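Here is how the chains run, residue by residue.
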Amino acid sequence: LPPSAFPLLCLCCLLMAGGRKPAPQDVPPPEDTVLSGVTLRLLVVSDAALAKAAEQARGEWNAQTGSELLVEQIGEEELAAAKVLEADAVICPSHLLGPLAQRELIVPVPDKLTKDTEQGWSDIFELVRLCDVVWGQSTQAVPFGSPVLVCYYRADLLEKLGRRPPETWTEYQELAQLLADRKNLGEAAPPDNQPWHGTIEPLADGWAGLVLLARAAPYAKHPSNYSTLGDIDTMEPLVDGPPFVRALGELVAAARLGPSKTKRLQYDPAAVRKAFWRGDCGLALSWPSCTAALPDGVESSAIRAGLAELPGTAEVYNRDEKSWQTRGESDDRRVPLLGMAGRIGVVSRTSAQPEVAFQLLRWMSQDLAGGQFSAASPATTLFRRSQVKMARAWVEPQLASTTAAQYADGLEQPFRRQQWLFGLRLPGRAEYLAALDEAVHQAVSGEKSPADVLRTAAGRWREITRKLGPKRQQAAYLNSLGLEP
């Protein structure tokens with residue numbers, strides 16, 4: 001494997017894995033294709049906004065190529081039940097890459113698309129093109145943007161308090177506590193009859209477990225330990241280990257500075273964004289989206305917001321030595337969680353025109369409206385360097401232009417980190433995450449300790465793995481990490 005193919009960590013892990021062979025490229029590089037008279041069927045999975053954008057683009061594609069594009073919508077459950085993909089191309093949630101690849105329903109992206117400099121592949125952020133759309137050692141999808149959580153903060157209040165955005169989760173907690181007390185805000189404090197919280201995080205069903213993983217990532221990702229969520233050799237779950245217990249304890253402490261017990265588990269990322277712009281909190285975890293509507297009765301200029309990369313940690317857990325270690329001054333403290341949301345495009349193994357289907361996906365990903373096609377979806381963000389100058393197309397209108405530009409400029413940073421964690425893209429993902437959701441909810445509600453609830457969650461993970469087949473799940477886990485079984 002050439003060193004340029006993966007970041008340093010991936011290369012080291014491939015060597016540790018004993019030189020597994022790369023997956024076969026079973027679709028030959030596409031030749032120049034005449035598109036006139038070709039009919040393509042595109043499925044858009046569980047994303048009405050993106051399906052609408054694809055339908056609006058259909059006429060432009062047909063006019064430019066002389067071919068006929070048909071756009072249809074299906075749900076994620078319907079896709080999971082399908083024996084074959086009755087379409088040429090599919091745009092779907094990024095976490096479905098693994099299940100689709102494991103079931104051999106899709107074909108790899110041709111080398112002509114990924115290696116030809118004129119195709120714009122090198123314009124894609126590094127971890128997106130080298131990891132997010134890769135399964136095993138084969139590029140299997142075309143990216144349409146995968147957001148990472150960021151920290152929203154009230155820039156006006158931090159300025160008043162003489163504070164900077166948090167660099168570590170410890171600083172985040174201290175800042176949330178400081179902001180939670182209205183007395184510290186003086187005249188800048190919201191009225192007594194208005195809800196006010198130090199921070200709000202997305203802890204609703206489907207998100208609580210992912211927030212835990214995002215918080216635990218820098219604690220769990222030691223450079224010497226490749227197994228993070230599970231042991232790559234035994235598939236024994238590791239989510240009840242010290243990094244996750246510590247992260248959950250901190251999550252619980254932050255949740256107490258948020259909404260009441262009856263409400264704090266109801267927020268998804270969109271609801272968190274809305275609460276922040278309503279002026280309900282000083283900090284928030286979400287990501288920008290041009291689909292975010294301004295809350296009724298709120299002036300867009302009333303809040304001066306800032307956006308910062310998610311905090312990191314000064315310590316990391318070494319699983320081999322069973323001990324905590326302090327990071328060096330030059331060590332990277334941040335580890336992004338990839339795959340929280342996002343959209344990808346894949347080509348069906350049954351397509352009679354795979355080359356044309358890849359041309360369609362490349363056009364939608366790169367050329368259509370300057371690469372802004374996927375901005376219509378609340379589950380995406382910008383993912384190309386060329387999109388940075390078009391930041392306003394990707395963020396909510398109430399975000400100041402300078403802040404939007406700073407967000408776009410800084411977004412490439414998490415996608416260049418030497419370490420990262422995936423938010424699960426295995427078969428059974430929903431079941432695994434539901435177990436973590438329940439653990440987070442029980443801990444936040446004070447029913448049980450973080451250690452107890454994660455022990456129970458780990459037991460459920462074992463059951464899920466046994467039900468789906470340990471060997472099958474191990475193969476998927478290795479592939480999700482960029483390795484071949």
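Scroll up a little and you will see the structure.
Residues numbered from 1 in each chain as written. Predicted model: local features only at pLDDT ≥ 70, side-chain atom pairs only at ≥ 80, totals over all residues. Heavy atoms only, no water.

Draft legend 1. Summary view of the packing of aromatic side chains. By the definition in use, this model includes ten aromatic pairs. Where F144 meets F373, the ring centres are 5.9 Å apart and the plane angle is 70°; that geometry is what we call edge-to-face. Pair noted here: F144 is in the loop between β7 (142-143) and β8 (150-154) and F373 is in the loop between α12 (354-367) and α13 (401-411), with a separation of 229 residues, a long-range link. With respect to class, F144 is no different from F373; both count as buried. Relative to W277, the ring of F276 has its centre 5.5 Å away and its plane inclined at 85°; by these criteria the two rings are edge-to-face. W277 sits in the buried class, given a relative accessible area of 2%. Through a chain of ring-to-ring contacts, three or more aromatic side chains come together here, namely Y152, F276 and W277. Stacked on the ring of W324, the Lys or Arg R246 has its end atom at 4.6 Å from the ring centre. (Phe/Tyr/Trp six-rings, centres within 6.5 Å; stacked < 30°, edge-to-face > 60°. Helix = DSSP H or I, 4+ residues; strand = E, 2+ residues; numbered from the N terminus. Buried < 20%, exposed > 50% of the residue type's maximum accessible area, 1.4 Å probe, protein only. Lys NZ or Arg CZ within 6 Å of the ring centre and 35° of its normal.)

Draft legend 2. Structural view of the environment of P195. Here P195 is to be found in the loop between α8 (169-180) and β9 (197-200). Here P195 is in contact with R182, G279 and D280, once residues within four sequence places are set aside. (Contact = heavy atoms within 4.5 Å.)

Draft legend 3. Layout of the pattern of salt bridges. In the structure shown here, the tally under the stated rule is 21 salt bridges. R319 is the salt-bridge partner of D231, the closest N and O atoms lying 2.9 Å from each other. Highlighted residues: D231 in the loop between α9 (208-220) and α10 (242-255) and R319 in the loop between β12 (315-318) and β13 (323-326), separated in sequence by 88 residues. With a relative accessible area of 31%, R319 lands in the partly exposed category. E236 is paired through a salt bridge with R462; the nearest N and O atoms lie 2.6 Å apart. Within this pair, whereas E236 is found in the loop between α9 and α10, its partner R462 is found in helix α15 (residues 450-468), the two being separated by 226 residues in sequence. The exposure class assigned to E236 is partly exposed, which follows from its relative accessible area of 33%. Linked by salt bridges that have partners in common, E55, R58 and E68 make up one network. (Salt bridge = Lys/Arg side-chain N within 4 Å of Asp/Glu carboxyl O.)

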